[in-house]
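Below are the chains, spelled out letter by letter.
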Amino acid sequence: MHKKRIFFKEKHTNEGLIKVINYLDEKLSDKWEIYVQPFLNGLLPDILILHPEKGIHIFCQGDENKEKIRIEFIDREIRNIYCPRIGNEKKPFPWAISKTIIADSETNKKLTKYLKIFTIEQLLKEKVEEVVPFVKEKPGNDFNSDLADDLRGWLRPSDFRLDQISEIERLDRKQQEIVDKKTPNGIRGVRGSAGSGKTLVLAHKAAKALREGKKVLFVTFNITLINYIKALTLRCLRDLSDKDLQNCMDNIIFDWYHSWAESFIISTSTPKQLEEYKNLKTYIFDIQKDKKDTSWIHIELPKYLDQHIKENVTNEDKYDLVLVDEAQDYKQTWWQNLKDCRKPTKNGGEIYIVGDISQDIYFRKELDDDSLKKFGLKGWVTLKESYRLPKSYIPKIKNFHETFLKSEYLNRPENTSMGDEVGEFDMFEECIANWTNVDSTKQNNQLCAEIILNSAPLCKEFSYSNLVILADRRADAMEMREILNEKNIKFTDTFSTHNKPRERDELERKKKISFLITNDKVKMTTVYSFKGIESPFLLIQITEGQNAKKIYTALTRLRMGLNSKCHIFVVNSVDKFKEYGDSWN
């Protein structure tokens, strides 16, 4: 029990589970790591074991029916979020994860090779290879040390390795006040322009609450952002010891609404309630004729969760602090669910909603004053100062905003530290911005390919690992994908070519999560998947003109590099933006 490979929280572990841990410790080779009740972003498996060359095995203990639903959910979340590089186009769902349910009562069920059910007494009598099938299997291609590292970053926060080199940005006076001051009803709304530090404020607020021992939920809309917001929060806590950091990170969940909602329902339901939930979900999906029908996520799930919170959830289940990033992308019913999951105001419960209506690229139109008053928001705090965007670039963005988003002047980026005279900018800043207009989508794709292959490498200090390509449409991305493959340029993207819709959707979701983990290649995605993220080297493609907010969001993904340099190329084939584009040159 004293081997370094066991990560153990004894005070939370029952006697039966200790017997299983001792059994695994005795039977497994030294390469296996044993995690006892790891927090794992709120999933809390009873035991998780990891072999860097073979795979993952999960143990869940309790009622057989409830644990079967819970263990399958944990499996899916590990594949999709915490170890998203499991699987590929040829083999989307490899057997890299196996599972054991430790049932309360005796059973003769042995479901499959990779999902088994034992009582503790039955398990202890079995050969270890019957409990953990990977034991007798040779290392294969389905799992490797890189994938193990992905998962360790969630199991042991000190191992999380995404962009933690630089110091976290300090807050200005107004941003710090948002973090420190509470509103009377515990509801805070923050709006701000691109680059004004909205997500940074939330990360600092999360870190402050965690240092105070509070329980925090941090949700976003764009699933690509999960690793990013976790990294920001960790950077705010980087002065802590590994032990104190672990304690903090065991009190926060990073997620997006739909994943969190299901996880919360599973963790706070009795076996009977969970069976009712499962039956309702199955019924809704069975009657949906259109597989793209959003009635489950937009209507039925929040409706069920609303009732579940009112009838079954205790204050102990709720959070001291709920943080909602990208609030403009949320439905009102989602906000309400999240608000109801914070502790009562008298107990210090708080919720922060942060957004920018200029980036409402899904046209939710939910941030209107009447809706927010009903929600309990008395007023907004507005952040107008744009720190991330290069100072010499801000006039271009303001011009776009004034031309195409006139009604949303409150969210227009500013930089009050700039000089009054036109052209008076930071003398050390170097922002190279190129806009080219072409006549057709075909010409657009061709020029983008030429920039990737010829123009971009000529930029000073260029590295392909810095380049992010934002395709306007999926079809455009597929064409550029072919060109990159033909030229043998390695890249990371968020697209799948699998011929089965379910597999394609799963693979694309996983690739979005892992998009920021893979940092050694050209990156290509759409604006929708890059919302909330930024890069010092961008190639943006514009091939359709219906959504000016989408173009604004794309143009504001630029940031200065660590060397005070940045580059942006824009290729446009839409007439309505051509006159504006001419103003760049």
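Scroll up for the structure.
Residues numbered from 1 in each chain as written. Predicted model: local features only at pLDDT ≥ 70, side-chain atom pairs only at ≥ 80, totals over all residues. Heavy atoms only, no water.

As for the overall build of the protein chain
(1) Moving on: On a plain count of helices and strands, the protein chain comes out with 21 helices and 18 strands.
(2) Moving on: In the protein chain, which comprises 585 residues, the share counted as buried stands at 58%.
(3) Moving on: Residue pairs in contact within the protein chain that sit at least 24 positions apart in sequence constitute 74% of those at least 6 positions apart.
(4) Moving on: Summing over all exposed atoms, the protein chain offers an accessible surface of approximately 26,300 Å²; the carbon and sulfur share of this is 47%. (Helix = DSSP H or I, 4+ residues; strand = E, 2+ residues; numbered from the N terminus. Buried < 20%, exposed > 50% of the residue type's maximum accessible area, 1.4 Å probe, protein only. Contact = heavy atoms within 4.5 Å. Areas by Shrake-Rupley, 256 points an atom, 1.4 Å probe, with all protein chains shown as cover.)

Side note on helix α10 (residues 257-267)
(1) Moving on: Counting buried positions along α10 yields 10 of 11 residues, so the element is predominantly enclosed.
(2) Moving on: Taken residue by residue, α10 has Tyr-257, His-258, Ser-259, Trp-260, Ala-261, Glu-262, Ser-263, Phe-264, Ile-265 and Ile-266 as its buried positions.
(3) Moving on: Against α2 (64-82), β8 (216-220), β9 (252-256), α11 (271-287), α12 (295-312) and α13 (332-340) lie the buried residues of α10.

Digging into the nonpolar core
(1) Moving on: Ile-78 and Leu-555 are the most contacted members of the largest nonpolar core, which has 136 residues in total.
(2) Moving on: Sort the elements by how many residues they give to this core and helix α7 (residues 198-211) lands first, with eight residues.
(3) Moving on: When neighbours within four sequence positions are excluded, Ile-78 is seen to be in contact with Leu-40, Leu-48, Ile-56, Ile-58, Cys-83, Pro-84, Ile-97 and Leu-151.
(4) Moving on: Counting 22 residues, the second largest nonpolar core, distinct from the first, contains Ile-6, Ile-102, Tyr-114 and Val-131. (Core = buried A, V, L, I, M, F, W, Y, C linked by side-chain atoms within 4.5 Å.)

A look at the environment of Thr-525
(1) Moving on: Within the secondary structure, Thr-525 is located in strand β16 (residues 522-526).
(2) Moving on: Separated by 54 residues in sequence, Thr-525 and Ala-471 have C-alpha atoms that sit 6.1 Å apart.
(3) Moving on: Polar side-chain contacts of Thr-525 include one of 2.8 Å to the side chain of Thr-494. (Polar contact = N/O pair within 3.5 Å; in protein donor to acceptor, adjacent residues only side chain to side chain.)

Some thoughts on the packing of α11 against α12
Two quantities define a packed helix pair, namely the angle between the axes and the distance from one axis to the other.
(1) Moving on: One way to put it is that α11 packs onto α12 with a least axis distance of 11 Å and a crossing angle of 165 degrees. Considered as vectors, α11 and α12 are oriented roughly antiparallel to each other. Judged by the sense of rotation from one axis to the other, the crossing of α11 with α12 is right-handed. Every residue of α12 that contacts α11 at Gln-273, Tyr-277, Leu-280, Lys-281, Ile-284 and Phe-285 is listed here: Ser-295, Trp-296, Glu-300, Leu-301, Tyr-304, His-308 and Asn-312.
(2) Moving on: Of the residues belonging to the contact of α11 with α12, the class tally is seven nonpolar, four polar and two charged. (Axes fitted to C-alpha atoms, helices over the stretch in contact; angles between N-to-C directions. Parallel < 35°, antiparallel > 145°, perpendicular 65-115°, else oblique. Left-handed = near helix turned anticlockwise from the far one by under 90°. Nonpolar A, V, L, I, M, F, W, Y, C, P; charged D, E, K, R; others polar.)

Quick notes on the sheet that holds β16
(1) Moving on: The sheet built from six strands is open, its strands ordered β13-β18-β17-β14-β16-β15 with parallel pairing. In this open sheet, the two strands that pair with only one neighbour each are β13 (430-437) and β15 (491-493). In this sheet, neighbouring strand axes are inclined to one another by 15 degrees on average, regardless of whether the strands run parallel or antiparallel. (Pairing = 2+ DSSP bridges.)

Some thoughts on the packing of aromatic side chains
(1) Moving on: Evaluated as defined, the whole model comprises 28 aromatic pairs.
(2) Moving on: Summarising the aromatic geometry, the rings of Tyr-82 and Trp-154 are spaced 4.9 Å apart at their centres and angled 70 degrees between planes, so their arrangement reads as edge-to-face. A residue pair is termed long-range when its members are at least 10 positions apart, and Tyr-82 in helix α2 and Trp-154 in helix α5 (residues 145-155) qualify at 72 residues.
(3) Moving on: On the basis of relative accessible area, Tyr-82 is assigned to the buried category, the value being 1%.
(4) Moving on: Measuring from ring centre to ring centre gives 5.8 Å for Tyr-393 and Trp-584, while their planes differ by 85 degrees; the resulting arrangement is edge-to-face. Residue Tyr-393 is found in the loop between β12 (380-383) and α15 (394-404), and its partner Trp-584 is found in the segment after α21 (578-582); the two are separated by 191 residues along the sequence.
(5) Moving on: Exposure remark for Tyr-393: the relative accessible area of 1% places this residue in the buried category.
(6) Moving on: Cluster of aromatic residues (ring-pair linked, three or more members): Phe-221, Tyr-257, Trp-260, Phe-264, Tyr-319, Tyr-330 and Trp-334.
(7) Moving on: In this structure, Lys-339 is placed above the aromatic ring of Phe-375, and the distance from its NZ or CZ to the ring centre is 5.2 Å.
(8) Moving on: The lysine or arginine in question, Lys-396, covers the ring of Trp-584, its NZ or CZ lying 5.9 Å from the ring centre. (Phe/Tyr/Trp six-rings, centres within 6.5 Å; stacked < 30°, edge-to-face > 60°. Lys NZ or Arg CZ within 6 Å of the ring centre and 35° of its normal.)

Focus on the sheet that holds strand β2 (residues 33-36)
In any sheet, the strands associate via hydrogen bonds between backbone groups, in a parallel or an antiparallel arrangement.
(1) Moving on: Reading across the sheet, the six strands line up as β1-β2-β3-β4-β5-β6 and stay open at both edges, with mixed pairing between neighbours. At either end of the open sheet lies a strand with only one pairing partner, and these are β1 (6-7) and β6 (115-118).
(2) Moving on: Relative to strand β5 (residues 97-103), strand β4 (residues 55-62) runs parallel, the two being bridged by seven bridges. Bridge pairing in β5 links Cys-60 to Ile-101.
(3) Moving on: Contacts from helix α1 (residues 15-27) reach β1, β2, β3 (47-51), β4 and β5 within the one sheet, and its direction differs from that of β3 by about 10 degrees.
(4) Moving on: Across the sheet, α5 touches β2, β3 and β4, and the angle it forms with β3 is around 150 degrees.

Overview of the packing of α10 against α12
(1) Moving on: Following both chains from N to C, one finds α10 and α12 inclined at 35 degrees, their axes separated by 11 Å at the closest point. You can see that α10 and α12 cross each other, and the crossing is left-handed. Mapping the contact onto sequence places Tyr-257, His-258, Trp-260, Ala-261, Phe-264 and Ile-265 in α10 and Ile-297, Leu-301, Pro-302, Tyr-304, Leu-305, His-308 and Ile-309 in α12.
(2) Moving on: For the contact of α10 with α12, a count of residues per class yields 11 nonpolar, two polar and no charged.

Honestly, that's just the spatial picture; any functional story needs more than this.
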